[in-house]
Every structure is written in structure tokens, then in C-alpha cells.
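Coordinate analysis (summary)
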Amino acid sequence: MNARVREAATGLAWVSPWLVGCVVFLLWPIAMSVHYSFTDYALVDSPVWVGLDNYRELAGDRLFAVAMANTFAYAALAVSLGTLASVGIAVLLEQRLRGASLVRSLVFVPTLVPVVANCVVWLWLLNPEYGFVNGLLAAVGLGGPNWLGERSTALPTMAAMGLWVIGSPLLVCSAALKDVPASLYEAAEIDGMGAFRRFVHVTLPMISPALFFNGLMSVIWSLQVLAPPMIMTRGGPDNATLTYSMYVYKTAFEFGRMGYASALAWVQILVTVALAAIVVAASRRFIHHRNA
Amino acid sequence: MSGRTSTSRRPSAPVRVALFAAMAVIGLAYAVPLVFMVGVAARPASQAAAPSLSPLPAAFDATGRELAWWEPARWHHVGGFVAENVREVWVSPMADFPTYLRNTLVVGVLSVAGMTLSSAVAAYGFARLRFPGRDLMFSILLLTLMVPQAVLMSPQFLLFKNLHLIGTLAPLWVPSWFAGAFSVFLLRQFFMGIPRELDEAARIDGCGHVGIFVRIILPLSRPALAVVAIMQAVTVWNDFLGPLLFLNRDEQYTLSLGLQMYQSQHGGTPWNLVMAASCIVVVPVLVLYLLARRLFVEGVATQGTREA
């Protein structure tokens with residue numbers, strides 16, 4: 001009995017760095033933000049209790065609706081583009097082509113570039129007057145839009161830029177592809193399947209757990225997108241790239257309304273958890289479990 | 001290797017040519033941003049916003065004739081522009097790069113040391129000790145892997161404000177002394193692969209948990225510790241949101257945040273300087289990547305998606 005208590009105490013002592021950190025830097029701030037979300041908190045003064053006022057205000061807040069819609073549109077685009085690109089490129093790189101390892105590095109490296117540097121380069125590349133993208137289009141006789149400067153193109157352009165940082169989902173996909181047993185492909189070939197049907201009936205089911213992991217992470221992260229609009233457009237033009245996190249940031253640090261920002265952040269947490277739960281539930285039907 | 005490819009029979013030659021072409025186009029497309037980052041960094045201010053499809057600047061000889069790319073004199077000019085831009089970034093009053101570098105190194109060293117050490121300790125607890133609630137705690141740890149920083153920005157800002165740490169470097173490195181979910185996860189997996197017989201042998205020699213941890217586990221885990229250290233170093237080096245939220249004075253900025261100082265200057269962005277500064281920030285990471293590619297690949301694959 002005594003020995004067991006001592007072992008438990010020893011165990012807790014060893015994991016205490018994480019335990020304390022998790023409580024102090026994660027759970028406590030989150031719990032406090034529940035409290036702040038019921039207050040009017042202008043940072044210079046102490047918070048004043050206002051009950052449900054912040055949550056009531058959400059209903060009539062036009063920017064809240066705009067930011068929510070922008071974020072869903074961005075997430076839908078970013079998740080689908082990212083999934084297609086990472087699977088496509090991973091499959092292509094598995095074809096034992098000359099130079100594949102060089103291309104793998106080229107695709108991976110932008111993931112390591114700081115987001116500010118990445119955004120700054122894209123600002124230059126997408127500039128309507130001297131940028132490379134429109135220069136290239138002009139060279140083949142096409143005119144490009146002012147990508148980040150027009151309401152209709154700014155958000156999709158930002159989502160497409162996300163394709164440059166797919167290093168990590170690509171690695172996950174590649175690892176999953178390498179794990180597909182060759183015997184399955186041989187069996188499929190004996191059954192007379194062509195390349196396309198092999199991909200649909202063998203490859204996709206076998207890599208579905210990796211796709212699920214990538215999809216879930218991508219949904220969670222794209223719902224929080226902040227740095228690209230912050231650095232490139234400040235949410236403009238005309239709020240076209242005002243993402244949800246951008247709106248939370250502005251509310252908290254530019255308008256100085258911490259209470260309302262906390263309420264906004266809580267809505268974001270709940271929406272993210274709900275969407276993640278939907279992804280998990282939906283994926284149960286599609287994921288192939290090897291040992292099931 | 002040959003038995004584990006994704007297609008058991010090689011596609012026909014025309015198909016392979018088409019696949020190769022597709023792959024080459026993708027490779028080029030991914031290279032474009034970095035090529036222009038370097039290219040514009042090598043341009044003089046007068047050409048920084050020139051609508052040219054070639055990334056490099058044009059250069060002219062004494063008679064005003066444009067130099068071709070194969071002439072050594074052209075590359076001499078390019079080298080001169082690069083040196084000039086890098087020097088300009090270093091001494092420019094627009095942004096104090098030497099200070100940013102010093103701040104980044106201070107935060108980097110403190111947080112890499114803290115993250116590696118504290119995560120290893122916590123991971124040992126999860127891997128080698130039995131206590132009530134362990135598996136529940138580990139599940140919670142896995143869940144916290146999915147909490148993005150953006151969601152926490154106002155709560156964490158208020159936490160550090162109440163602790164009077166806003167405007168100091170502390171919020172950027174203190175939390176890393178309390179272990180990170182990703183690092184603990186990775187190290188625990190690695191520790192569990194170390195045979196317990198080694199622990200037993202050490203125990204017979206009179207070692208306690210601390211002895212086993214220091215003499216057996218840590219020395220055998222160098223590759224995993226290196227992955228954790230490298231990922232933390234790159235995370236700190238590239239972090240934008242943390243410094244943006246927690247620092248408020250120019251002289252505390254880190255490199256990644258300092259890059260922003262060049263933007264929205266009066267009279268337009270000095271593109272050649274922004275790109276030169278970006279190169280200064282990116283090059284160390286790329287060199288580290290070339291030296292330790294395997295560690296990066298392992299780290300990023302475990303860490304999952306990190307956009308922005």
C-alpha cells in the first residue's frame with residue numbers, strides 16, 4: 001500500500017512539468033476566458049460583469065457573420081485543395097521517377113520558411129503591376145486580376161497559397177503509401193484492375209487513416225487561419241479576407257474589447273470541436289481498419 | 001525496395017514521360033517563391049519592383065551594354081547587389097536586425113533547452129512509471145496537440161498580462177520549460193522502445209529512476225532528443241504570433257516579427273531589403289535542413305499540419 005502510494009507520487013512528480021504547464025498555460029487561461037466572456041473588459045480597467053450581453057451582441061454583429069462565412073469558405077477550399085494536392089503529389093513521387101527525391105525536397109522546404117517571409121514573397125509574386133504571376137500570364141497573352149486586392153479573388157488566392165506549405169500532410173501521405181503491401185497491388189492486377197481502379201479500390205482504402213489524420217488537422221488549423229490575412233491584407237479588401245481569428249485579434253488588440261473577444265474565441269472553440277467531431281464521426285464509415 | 005512500390009508493373013514509356021513532366025512542373029512551381037526571394041534580394045533598389053520574368057537583376061557594363069548571364073561581370077554585379085542589400089538590412093534604421101537576432105537566439109537557446117529537458121522528464125514518467133490517471137492524462141495530452149495557438153491568443157495574453165510579463169521575452173520561452181505535447185508524445189514512443197532489461201540491470205547496480213533516466217534513457221535517446229530540439233528551434237525561429245502578441249517594443253522583437261518592420265514603410269515597401277532580410281532568416285533553417293534532413297522529416301511527420 002505504502003509502496004503503491006510512493007510509486008504514484010513518483011509518477012506524478014515525473015510528469016509534473018507537463019501537468020503544471022497544461023494547467024497554467026492551457027486550462028487556466030481557457031477557464032478564465034469563460035469568465036471574461038461574461039464581462040466588459042477594456043484592458044485598462046478591471047472587467048465588469050455584463051452577463052450574457054456579449055453573446056447577445058453576436059446575433060446582431062455583421063462582422064461576426066462575415067468572418068464566420070469567410071472562415072468556412074477558406075477552410076472548405078484549403079482542406080479540399082490541400083488533400084487533393086498532397087495525395088496527388090505523394091502518388092506521383094512514389095512512381096520511381098528520376099529526380100523524385102529532389103522534387104520531394106523542393107515541395108517540403110517551403111514548410112520550413114517563416115510565415116512572414118512566405119507571405120512577403122507572395123505579396124511580391126502576386127503584385128498586379130510587377131509580380132511574377134501576372135507577368136507569366138501576360139507572357140502567354142492572359143491578363144491576371146489584382147489577386148489579393150479584389151473582393152472576389154482575395155480569399156481563394158490565400159487558400160491556394162496554402163498549397164505551398166503542404167510538406168507535413170505530404171510526408172504523412174507518402175509514409176502511408178509506402179506501407180501499402182505490394183501483394184495487394186499484385187492481387188488487384190491479377191483481378192484485371194487498371195491503374196485507376198487499383199488506386200480507388202486498393203490505395204485509397206489503405207491510406208484512408210492517413211487521409212483522415214491530415215483532413216482532421218487541416219480542418220482544425222484552417223479554421224484558425226490568422227497570419228496570412230494579418231500580414232498580407234489586414235482583412236481587406238472590404239473585409240473579404242477577415243477570417244475569424246483575424247476578427248478576434250482585431251476585437252481584442254485593436255478595439256481593446258477583451259470581454260467580447262473572449263466570447264468570440266469561445267464560439268470558435270465550440271465550432272471547431274463540433275466540426276472535428278463531425279469529421280471523426282463521418283470518417284468512421286470510410287476509414288479502412290487493417291485489423292478489423 | 002523493389003517489392004514495395006505502389007505499382008507492381010512500370011507504366012508504359014509515354015505515360016512515364018507525362019508523369020515526369022508533371023513532376024518537373026510541380027518541382028519548379030514550388031521553387032518559384034524561394035527563387036524570387038533570392039532573386040529580388042540580389043536586385044538594386046531601382047529594379048526591386050521591375051516587372052521582369054527573370055528573378056535576377058539586369059546589369060550593364062561601362063558602355064551601357066546589358067551583360068548576359070554567362071559573363072562573369074554580370075555575376076560580379078549580382079554579388080555586389082547582394083552584399084549591399086545584406087549590409088543595408090544589417091545597419092538600416094528601419095529595423096534593428098542585430099538586436100532581433102540576439103533576442104531570437106536568447107529565446108531559442110532557453111526554449112530549446114527547456115523543451116528538450118522538461119519533455120524528456122515528463123515522457124519518462126509516461127513511459128516507465130505506473131500511477132492512477134496516467135492513461136487519462138496521456139489522452140488529454142494527445143488532445144492538446146490539436147489546440148491551435150490562435151484560439152488561445154486572448155486567454156494567454158491576459159494570463160501573461162496578469163503576471164506582468166507582457167513586453168518581456170519571458171512568455172516566449174517560459175512555457176517551453178513545462179514540456180510540449182508533441183515532444184512528450186514523440187519521446188515517450190521512443191523511450192518505450194528501449195528494452196526494460198536495461199532498466200533492471202541499472203537497478204541491480206543501485207540506480208533509482210534518476211539514475212536510469214540519466215545513464216540509460218537519455219544517452220540511448222539522442223536521435224529522438226535531436227528531433228525535439230530541432231523542431232523547437234525551428235518553431236521558435238519562425239514563430240510570428242507569439243512575439244506579435246507578447247512583445248510591444250521594437251527592441252524586443254524577434255527576427256520573424258522584425259521582417260514585418262519593412263512592410264508598409266512610407267513610400268512603399270523596399271522589396272530588395274525585405275527579401276534580403278527574409279533570406280537572412282530562411283538560410284539558417286535551410287542549412288540545418290540540409291544537414292539533418294532525416295530529423296526534420298521525422299519531426300514534421302509526427303507533428304502534423306502546422307499552417308501559419
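Remember, predicted model here, so these are calculated numbers, not experimental data.

1. Description of the environment of R65(B)
Residues and elements named next belong to chain B. On the secondary structure map, R65 appears in the loop between α1 (13–41) and α2 (72–91). If near-sequence neighbours (up to four positions away) are discounted, R65 is found in contact with A59, F60 and E71. For R65, the side chain forms a polar contact with the side chain of E71, separated by 3.0 Å.

2. With respect to the environment of A227(A)
Residue and element names in this part refer to chain A. With respect to the secondary-structure elements, A227 resides in helix α11 (residues 227–233). Judged by relative accessible area, which is 5%, A227 ranks as buried. In this structure, the C-alpha to C-alpha distance between A227 and N214, residues 13 residues apart in sequence, is 20 Å.

3. A few points about the interface of chain B and chain A
Counting residues at the interface gives 99 residues for chain B, matched by 97 residues for chain A. Approximately 9100 Å² of surface area, both sides summed, lies buried where chain B meets chain A, with 75% of it carried by carbon and sulfur atoms. Put simply, chain B and chain A have 0 salt bridges between them. Among the elements that line the side of chain B that touches chain A, the one with the most residues is α1(B), at 16 residues. Among the residues making up the side of chain B that touches chain A, the classes are represented as 68 nonpolar, 21 polar and 10 charged.

4. Section: the domain arrangement of chain B
Residues and elements named next belong to chain B. Domain parsing of chain B yields domain 1 (11–91) and domain 2 (97–303). A separation of 34 Å is found between the C-alpha centroids of domain 1 and domain 2. At the junction of the two partners, domain 1 supplies 15 residues and domain 2 supplies 14 residues. Here domain 1 packs against domain 2, burying approximately 1200 Å² in sum over the two surfaces, 83% of which is carbon and sulfur. Among the residues domain 1 hides against domain 2, the three largest losses belong to M37, V89 and W90. Together they make up 51% of the total.

5. Notes on a nonpolar patch on the surface
Residue and element names in this part refer to chain A. A surface patch of nonpolar side chains, about 410 Å² in accessible area, is lined by V20, V23, V24, L27 and W28. If you trace the backbone, V20 turns up in helix α1 (residues 2–36). Look at V20 and you get partly exposed, because its relative accessible area is 38%.

6. Observations regarding the packing of helix α3 (residues 62–93) of chain A against helix α13 (residues 258–283) of chain A
All names here are of chain A. One way to put it is that α3 packs onto α13 with a least axis distance of 13 Å and a crossing angle of 30°. Here α3 lies roughly parallel to α13, going by the angle between them. Of the two elements, α3 crosses α13, and the hand of that crossing is right-handed. Here F64, M68 and F72 of α3 lie close against α13, whose contacting residues are L264, V267, V271 and L275.

7. Regarding the side chain of Q268(A)
Here Q268(A) lies in helix α13. There is a polar contact of 3.4 Å between the side chain of Q268(A) and the backbone oxygen of L223(A). Those residues within four positions of Q268(A) in sequence are excluded, and the remaining contacts are L223(A), Q224(A), Y244(A), S245(A), V248(A) and V151(B).

8. A closer look at the packing of aromatic side chains
Scanning the model with the defined rule gives 23 aromatic pairs over all chains in all. When the ring of F38(A) is compared with that of Y55(A), the centres are 5.6 Å apart and the planes differ by 45°; the resulting orientation is tilted. Of this pair, F38(A) sits in the loop between α1 and β1 (39–40) while Y55(A) sits in helix α2 (residues 53–60); the two residues are 17 residues apart in sequence, bridging distant segments of the chain. A residue is classified by how much of its surface remains accessible, and F38(A), at 21% relative accessible area, is partly exposed. Assessed through its relative accessible area of 26%, Y55(A) is described here as partly exposed. Between the aromatic rings of F160(B) and F246(B), the centroid separation amounts to 5.0 Å while the plane-to-plane angle is 70°, which identifies the pairing as edge-to-face. With a gap of 86 residues between them, F160(B) in helix α5 (residues 153–162) and F246(B) in helix α11 (residues 241–246) connect regions that are remote in the sequence. The buried category is assigned to F160(B), whose relative accessible area is 2%.

Cut-offs and rules
- Residues numbered from 1 in each chain as written.
- Chains lettered and ligands numbered in written order.
- Predicted model: local features only at pLDDT ≥ 70, side-chain atom pairs only at ≥ 80, totals over all residues.
- Heavy atoms only, no water.
- Helix = DSSP H or I, 4+ residues; strand = E, 2+ residues; numbered from the N terminus.
- Contact = heavy atoms within 4.5 Å.
- Polar contact = N/O pair within 3.5 Å; in protein donor to acceptor, adjacent residues only side chain to side chain.
- Buried < 20%, exposed > 50% of the residue type's maximum accessible area, 1.4 Å probe, protein only.
- Buried area = accessible area lost by both parts, 1.4 Å probe.
- Salt bridge = Lys/Arg side-chain N within 4 Å of Asp/Glu carboxyl O.
- Nonpolar A, V, L, I, M, F, W, Y, C, P; charged D, E, K, R; others polar.
- Domains from an automatic or database assignment.
- Patch = residues over 30% accessible without salt bridge, like charges linked within 9 Å, V, L, I, M, F, W, Y side chains within 5 Å.
- Areas by Shrake-Rupley, 256 points an atom, 1.4 Å probe, with all protein chains shown as cover.
- Axes fitted to C-alpha atoms, helices over the stretch in contact; angles between N-to-C directions.
- Parallel < 35°, antiparallel > 145°, perpendicular 65-115°, else oblique.
- Left-handed = near helix turned anticlockwise from the far one by under 90°.
- Phe/Tyr/Trp six-rings, centres within 6.5 Å; stacked < 30°, edge-to-face > 60°.

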